[in-house]
Amino acid sequence: MARDESAQGLLKESTRRSLSSDRGDNAAFDSDSDLDATDYIDHEAARPTTRRSPTASFEPNTQRKKRWCSCLFTTLGRRSKCCIGVLAAIGILWVLLAATGVFVYKKAQEEPPYGQSPPWYPSPKGGIAASWADSYAKASKMVSKMTLAEKVNVTTGTGWQMGLAVGTNAPAVYVGFPQLQLQDGPLGIRFADNITAFPAGITVGATWNRQLMYARGRAHAIEARQKGVNVLLGPCVGPLGRMPAGGRNWEGFGADPYLQGIAGAATVRGIQSEGVMATIKHFVANEQEHFRQPWEWGLPHAISSNIDDRTLHELYAWPFGDAVKAGVASVMCSYNQVNNSYACGNSKLLNGILKDELGFQGFVMSDWLAQHSGVGTALAGLDMTMPGDGLGWADGKSLWGPELSRAVLNGSVPLERLNDMVTRIVAAWYQLGQDDEKKFPRKRPNFSSWTEEEKGVLAPGSPTEQEEVVVNEFVNVQANHSVIAREVAVEGTVLLKNENLLPISRQGLSDERLRTRRDVVERATGKRSEGKFKIGIFGEDAGPGNGPNACKDRGCNQGTLGSGWGSGAVEFPYLVSPVEALRKQFDKSKVELSEFLDNKPSFGKDGSSVVDELELCIVFANADAGEGFAKWADVSGDRPDLRLQNNGDDLIVKVASSCGGGTGDVIVVVHAVGPVLMEDWIDTPNIKAVLFANLPGQESGNALAEILFGDTNPSGHLPFTIGRTLEDYGAGGKVLYLPNGVVPQQDFKEGLYIDYRHFDKYNIEPRFEFGFGLSYTTFKFDNLVVIPQRRKTKFPLRRPTPAAEPPSYSTDIPSKAEAVFPPEIRKLEKYVYPYLDNTDGIEVGQYPYPDGYDQQQPLSEAGGDEGGNPDLWANYVVVNVDVINDGPVAGAAVPQLYLQYPEADSELDFPVRVLRGFDKVYLKPGEKKTVKFNLTRRDLSYWDVVAQNWAMVTEGPYKFSVGLSSRDLSISGTW
C-alpha cells in the first residue's frame with residue numbers, strides 16, 4: 001500500500017485533537033453539578049500534571065532532610081549504618097523508577113494527542129439480522145418492562161469478587177432476567193475443581209483440524225454449563241502473534257488471521273452449540289503485555305497500538321469477522337489504546353467497524369478494568385462493563401452503576417443507547433436458549449472462584465459481614481473429555497526433524513534395528529553395548545516438578561509445561577508428565593531407563609558414567625510466558641527473548657555431546673508458548689529427532705507417548721514461523737520493553753508483514769516455516785482444478801436493506817424514583833448497585849457530547865448483516881486437488897492453500913502469499929482423496945482505504961498454490 005493511503009480511514013490526520021471524539025467524556029463534564037467528576041471524566045483527561053508522580057511520596061519534609069544531611073555528611077570512619085541504608089534505598093528506588101518509566105516524564109513532557117481515530121456515532125442498534133430477529137423480539141418485550149435500575153443492573157458488573165464467578169452482573173428480578181455468570185477462560189474453567197485442562201489455543205491451531213477445534217469448544221461449554229456458567233471468556237484471537245515473544249500468544253491459535261479466524265469461529269460454534277455464550281477477545285491489537293494497562297508498569301497510560309486502516313482490517317480485525325459470522329454472543333474489548341484511543345472507548349472500532357461493518361448483533365464487554373470513562377464508553381459502543389469497579393481494583397466505585405443511572409436521568413447518556421445496551425445482552429441470552437431453565441437453572445454457580453472450602457460467603461470482596469453458605473459443591477463435569485484433550489495434544493504435536501529414528505518401540509528399538517545400531521557403534525568406537533536397550537530421560541520439563549498447580553495462576557516455570565500463565569490458565573485436575581507416561585509404557589524387560597529430571601549439565605552425582613553408556617537420550621526443554629500481572633524470573637508476561645528457559649539450550653547441547661559418549665541418538669522434545677531459537681543444537685549430528693509439543697494440557701505425557709511409539713502418526717503443523725534469530729522477524733516482531741513516552745507508542749509500521757509474510761517479503765530463510773510439519777509417511781498432490789463460481793467485480797454487491805428492524809422504545813426519561821436506593825435492601829460495602837442515595841439536583845441539561853457526535857455516519861458498504869455484507873461470504877472460486885498417501889503407513893495430511901494476488905495494480909502492495917484454505921484428511925497407504933477449497937469474495941479481497949470497502953483485483957490472474965507448508969507448495973493453478 002502506498003504510504004499516503006494511511007491517511008484514509010482509521011488514521012485521519014484531520015481528526016487529531018487534544019480532546020478526542022472517541023474520548024466521549026469531555027473535561028467540561030467536571031464543571032456540571034449533575035455529574036460525578038471522578039466517574040465521568042475520561043481517565044485520559046487525568047494527565048500527569050493532575051496526578052502526583054510516583055516519586056512524590058518520597059519527597060522528604062524538613063525534618064527528614066536534616067536526618068538525610070546528617071547521614072550523608074557522616075565521616076567515612078564512622079561508617080554510618082544510616083548512610084549505608086539510605087544510599088542503598090536510593091539506589092534501589094532509582095532502579096525501580098527507571099525500570100517503570102517514571103523518568104520518561106523528563107523525556108516526553110507532552111503527550112500525543114488523544115484520539116487519532118475518527119469519530120463514529122451514534123452506536124448502531126442491534127436487531128438487523130434475520131438470524132437474531134426472534135431473540136430481539138423476545139428481548140424487546142422483556143426490556144420494555146424493565147425499570148431504569150434493572151437496565152443498569154444488566155449492563156454493570158457487581159464488582160470484583162462480588163459473586164462466585166470472576167464476573168457477574170446483577171439480575172432484573174421483576175422481569176425474570178437472571179444474574180449472568182462470566183468465567184475465564186480459553187482452555188478450561190478457571191478457578192474451578194473437577195474440570196478438564198484442555199490444550200492451549202496455540203496447540204489447537206497446530207492441529208489444523210476444524211473438527212477438533214469444534215469438539216474442544218463443545219466439550220469446554222458442556223463443562224461450563226454444568227458448572228453454572230452463562231458466558232465463557234474465550235476463545236482468544238487477539239493477540240494475533242505479531243511479536244513471537246508476546247506473553248499471551250499461546251491463548252490464540254497462531255500468527256495468521258485466516259488460521260485464527262477459522263479456529264476461533266469453529267470454537268465459537270462448538271461453545272454455543274451447548275447454549276453457552278462465547279466471548280471472542282481481545283478486540284483489538286493487544287499484542288504485548290508490557291504497558292497493556294495504566295499503572296501496571298508504572299505509567300499512567302496504556303500502550304497505544306498505532307495501526308493503519310488496511311492492516312487493521314486485513315490482519316487484526318479479520319478473525320473477529322469470522323467469529324461474528326459464526327454468531328458469537330460477546331466481544332471483549334482490550335486494555336490497550338488503538339491510535340491513541342482506549343479500545344473500550346474507541347467509537348470507530350466499536351461502532352464503526354464491529355457493529356456497522358461486521359454487523360455484530362451481540363454485546364461488547366470490557367476486559368476487567370479496561371473501561372476508562374463512563375459516558376464516553378457508553379456512547380462509543382460499550383454494552384457491559386466488567387467487573388463493575390471502575391478505575392481501581394475492588395474499590396466498589398463504578399464508572400457505570402449508579403453513575404449510569406444519573407447519566408440517563410440527566411440526559412448525558414441517551415435512553416435509547418442504554419436500551420440498546422440492555423437489549424443486546426438480553427437478546428444474546430435468548431439467542432443461546434438460556435431462558436430454558438432445564439439447561440440453565442436460575443441458581444448461582446456450583447463452585448466458587450475464591451475459595452476451595454465447601455462453605456464461604458457469596459460476596460467475598462465485601463468487608464460487610466455475611467452468612468456462610470455452601471459455595472463449592474465439587475461437581476465433576478469432566479466426563480470423557482480427556483479423550484478430546486488427548487487427541488488435541490496428539491494432533492497438535494509437530495514433528496520438526498526425523499532422521500530415520502522415530503517412531504521407536506516400547507522395547508526401545510526392534511531387534512534388527514538394535515543389532516544394526518550396535519554394529520555401527522562398535523565399528524566406530526570399538527565398544528559394543530550388550531543387554532537391555534539403555535535410554536535416558538533428561539530435563540525438568542520431563543517430570544512433575546512440584547506439581548502442576550504449585551504456582552498461583554500457573555505463574556512460574558517448573559516441572560513439565562502444560563500451559564502458559566494468567567487468566568487463561570486453569571487448575572489442573574492432573575497433569576501426566578512425560579516421564580510418568582514413558583515409565584509405564586517402556587518394556588522393562590527390554591529397556592533400562594535412567595532419569596535425570598533437572599537441567600543441570602552435570603546430570604547429578606556420578607551421572608556421567610551412566611550417560612556415557614546410554615544408547616538413546618530423550619531431552620526435554622521449554623519456554624513459558626503469560627499475562628502481564630504475573631512475573632517469573634526474567635519473564636514479565638512477554639518473554640525477554642526466544643531462547644529456551646531454565647538453561648534448556650545448554651542442557652540439550654550437553655546431553656547431545658555426552659549421550660553414549662557422543663554416539664547415542666538424541667530426541668529433543670520442546671514444550672513452549674511460541675517459537676524458540678534452535679540454532680545452538682538443531683544441526684547436531686546425533687540429534688536425530690525434534691518434536692515441538694506446544695502446550696499439551698493435562699494429557700501431555702500420554703499424547704507424547706502416542707507419537708513416540710507410532711500409535712499415532714504425527715500430523716501437527718506449525719501455526720507460526722520458527723526463525724533463526726529474533727531479528728529475522730523484523731522490527732515489528734520485537735516487544736517494546738522500555739517505554740518511549742508517557743503513553744508508550746507502538747507503531748505497526750510493518751503493516752501486513754508479520755511472521756511468514758515478513759520472511760517471504762524479505763526473502764529470509766526460516767529454520768522452520770509457517771505450516772511446516774513432518775509425518776511418518778509421505779504425501780503428494782495431483783490434479784488441481786480451479787472452478788470459477790462468480791465473475792470478478794471490484795466491489796461486492798450493494799449493502800442490503802436490513803432483514804429486521806431493531807426494537808424501538810419510549811425515549812421518555814424515567815422517573816427519578818426508579819433510581820433511588822430502596823430502604824429495604826441491605827447494602828454490602830463495595831458492591832456495585834444501580835441506585836443513588838438521592839436524586840437531588842439532577843436535571844436534564846445540555847452536555848458537551850464528543851466531537852462528531854451530531855454527525856450521522858454513512859453506513860459502510862462492507863456491512864449489512866451479521867459478519868458484514870453477505871456477498872463477502874459468497875463462494876467465488878472452488879479449488880479441488882487430489883491428495884495421495886504415497887508412503888508406507890497411514891497418516892493425516894494437512895493440505896494448505898495459499899493465494900497470490902494479481903500484480904496488475906502496481907500501486908498496491910500485496911504479500912507474496914497468504915493462507916486462504918486448509919483441511920485435514922486421513923489416508924491409508926496408497927489412498928487418494930479429493931480436497932475441496934471454497935474461496936469467498938472476502939478471501940480474494942483487500943481493504944480499499946479510499947473506497948472504505950473490500951475490493952478484488954479484476955485485472956490479472958489470481959494464483960492458488962497447494963502444499964504442506966507455506967514454502968512447500970508443489971502444485972498450483974490460476975483464475
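To be clear, the structure that these remarks concern was listed above.
It should be emphasised that the depicted structure is a prediction, and the values quoted were computed from it without experimental measurement.

Considerations on the overall build of the protein chain
Argument step 1. Each helix and strand counted, the protein chain has 22 helices and 28 strands in total.
Argument step 2. Every one of the 975 residues in the protein chain was classed for burial, and the buried ones make up 64%.
Argument step 3. Counting contacts in the protein chain only where the partners sit at least 6 residues apart, residues at least 24 apart contribute 78% of the total.
Argument step 4. Looking at the protein chain as shown, the accessible area adds up to about 35,400 Å², and 50% of this sits on carbon and sulfur atoms.

Topic: the sheet that holds strand S5 (residues 304–306)
Argument step 1. Read from one edge to the other, the open sheet built from three strands follows the order S7-S5-S17, with strand pairing classed as parallel. For this open sheet the edge positions go to strand S7 (337–338) and strand S17 (745–747), each flanked by a neighbour on one side alone.
Argument step 2. The pairing of S5 with S7 spans two bridges and is parallel. The partner of serine 305 across the bridge, within S7, is valine 338.

A word on the packing of helix H16 (residues 481–491) against helix H21 (residues 700–708)
Argument step 1. For the pair H16 and H21, interaxial distance at closest approach is 8 Å and the crossing angle is 50°. The pairing of H16 with H21 is recorded here as oblique in orientation. Regarding H16 and H21, the two cross each other, and that crossing is right-handed. The segment H16 lies against H21, with Arg486, Ala489 and Val490 engaging Asn702, Ala703, Glu706 and Ile707.
Argument step 2. For the contact of H16 with H21, the class distribution of residues is four nonpolar, one polar and two charged.

Concerning the pattern of salt bridges
Argument step 1. In total, this model carries 46 salt bridges according to the counting rule given.
Argument step 2. Of the charged contacts in the structure, one is a salt bridge between glutamate 416 and lysine 125, with a shortest N-O distance of 3.5 Å. One end of the pair, glutamate 416, is in helix H15 (residues 415–431); the other, lysine 125, is in the loop between helix H4 (104–107) and helix H5 (133–143), with 291 residues separating them in the sequence.
Argument step 3. A relative accessible area of 36% means that lysine 125 is categorised as partly exposed.
Argument step 4. Residues arginine 967 and glutamate 765 are paired through a salt bridge, measuring 3.5 Å at the closest nitrogen-oxygen approach.

Remarks on the environment of leucine 349
Argument step 1. In this structure, leucine 349 sits in helix H12 (residues 347–357).
Argument step 2. Along the primary structure leucine 349 and valine 338 are separated by 11 residues, whereas in three dimensions their C-alpha atoms are 8.7 Å apart.

A few points about the packing of aromatic side chains
Argument step 1. Tallied over the entire structure, the rule returns 30 aromatic pairs.
Argument step 2. When the ring of tyrosine 316 is compared with that of phenylalanine 748, the centres are 5.4 Å apart and the planes differ by 70°; the resulting orientation is edge-to-face. With tyrosine 316 in helix H10 (residues 309–316) and phenylalanine 748 in the loop between S17 and helix H22 (755–761), this residue pair connects regions lying 432 residues apart in the sequence.
Argument step 3. For tyrosine 316, a relative accessible area of 3% translates into the label buried.
Argument step 4. Classification of phenylalanine 748 as buried rests on a relative accessible area of 3%.
Argument step 5. Centroid distance phenylalanine 538 to phenylalanine 596: 4.7 Å. Interplanar angle 10°. Geometry classified as stacked. Separated by 58 residues along the polypeptide, phenylalanine 538 in strand S12 (residues 533–538) and phenylalanine 596 in strand S13 (residues 591–596) bring together distant segments of the chain.
Argument step 6. Taken together, the ring pairs connect Trp208, Tyr258, Tyr756, Phe770, Tyr898 and Phe918 into an aromatic cluster.
Argument step 7. Positioned above the aromatic ring of tyrosine 753 is the side chain of lysine 761, whose terminal nitrogen or guanidinium carbon lies 4.4 Å from the ring centre.

With respect to H21
Argument step 1. Burial of H21 is extensive: nine of the nine residues sit out of reach of the surface.
Argument step 2. Residues Ser700, Gly701, Asn702, Ala703, Leu704, Ala705, Glu706, Ile707 and Leu708 constitute the buried set of H21.
Argument step 3. At the exit of H21 stands glycine 710, carrying a positive phi of roughly 75°.

Brief notes about the side chain of serine 636
Argument step 1. Position of serine 636 among the secondary structure elements: in the loop between strand S14 (616–623) and helix H20 (648–658).
Argument step 2. Of the residues examined, serine 636 reaches a relative accessible area of 12% and is grouped as buried.
Argument step 3. Not counting chain neighbours up to four residues away, the residues in contact with serine 636 comprise His290, Trp297, Ala630 and Lys631.

Side note on the sheet that holds S13
Argument step 1. If you trace the six strands from one edge of the open sheet to the other, you get S11-S16-S15-S14-S12-S13, paired in mixed fashion. Bordering the open sheet on either side are strand S11 (494–498) and S13, each of which pairs with just one other strand. If you compare each strand with its neighbour and ignore which way they point, the axes differ by 15° on average.
Argument step 2. As paired strands, S11 and strand S16 (residues 687–694) are joined by four bridges and run antiparallel to one another. Following the sheet pairing, valine 494 is matched in S16 by phenylalanine 692.
Argument step 3. Strands in contact with H20 are S12, S14, strand S15 (665–672) and S16; relative to S14, the strand with the most contacts, it is inclined by about 170°.

Conventions adopted
- Residues numbered from 1 in each chain as written.
- Predicted model: local features only at pLDDT ≥ 70, side-chain atom pairs only at ≥ 80, totals over all residues.
- Heavy atoms only, no water.
- Helix = DSSP H or I, 4+ residues; strand = E, 2+ residues; numbered from the N terminus.
- Buried < 20%, exposed > 50% of the residue type's maximum accessible area, 1.4 Å probe, protein only.
- Contact = heavy atoms within 4.5 Å.
- Areas by Shrake-Rupley, 256 points an atom, 1.4 Å probe, with all protein chains shown as cover.
- Pairing = 2+ DSSP bridges.
- Axes fitted to C-alpha atoms, helices over the stretch in contact; angles between N-to-C directions.
- Parallel < 35°, antiparallel > 145°, perpendicular 65-115°, else oblique.
- Left-handed = near helix turned anticlockwise from the far one by under 90°.
- Nonpolar A, V, L, I, M, F, W, Y, C, P; charged D, E, K, R; others polar.
- Salt bridge = Lys/Arg side-chain N within 4 Å of Asp/Glu carboxyl O.
- Phe/Tyr/Trp six-rings, centres within 6.5 Å; stacked < 30°, edge-to-face > 60°.
- Lys NZ or Arg CZ within 6 Å of the ring centre and 35° of its normal.

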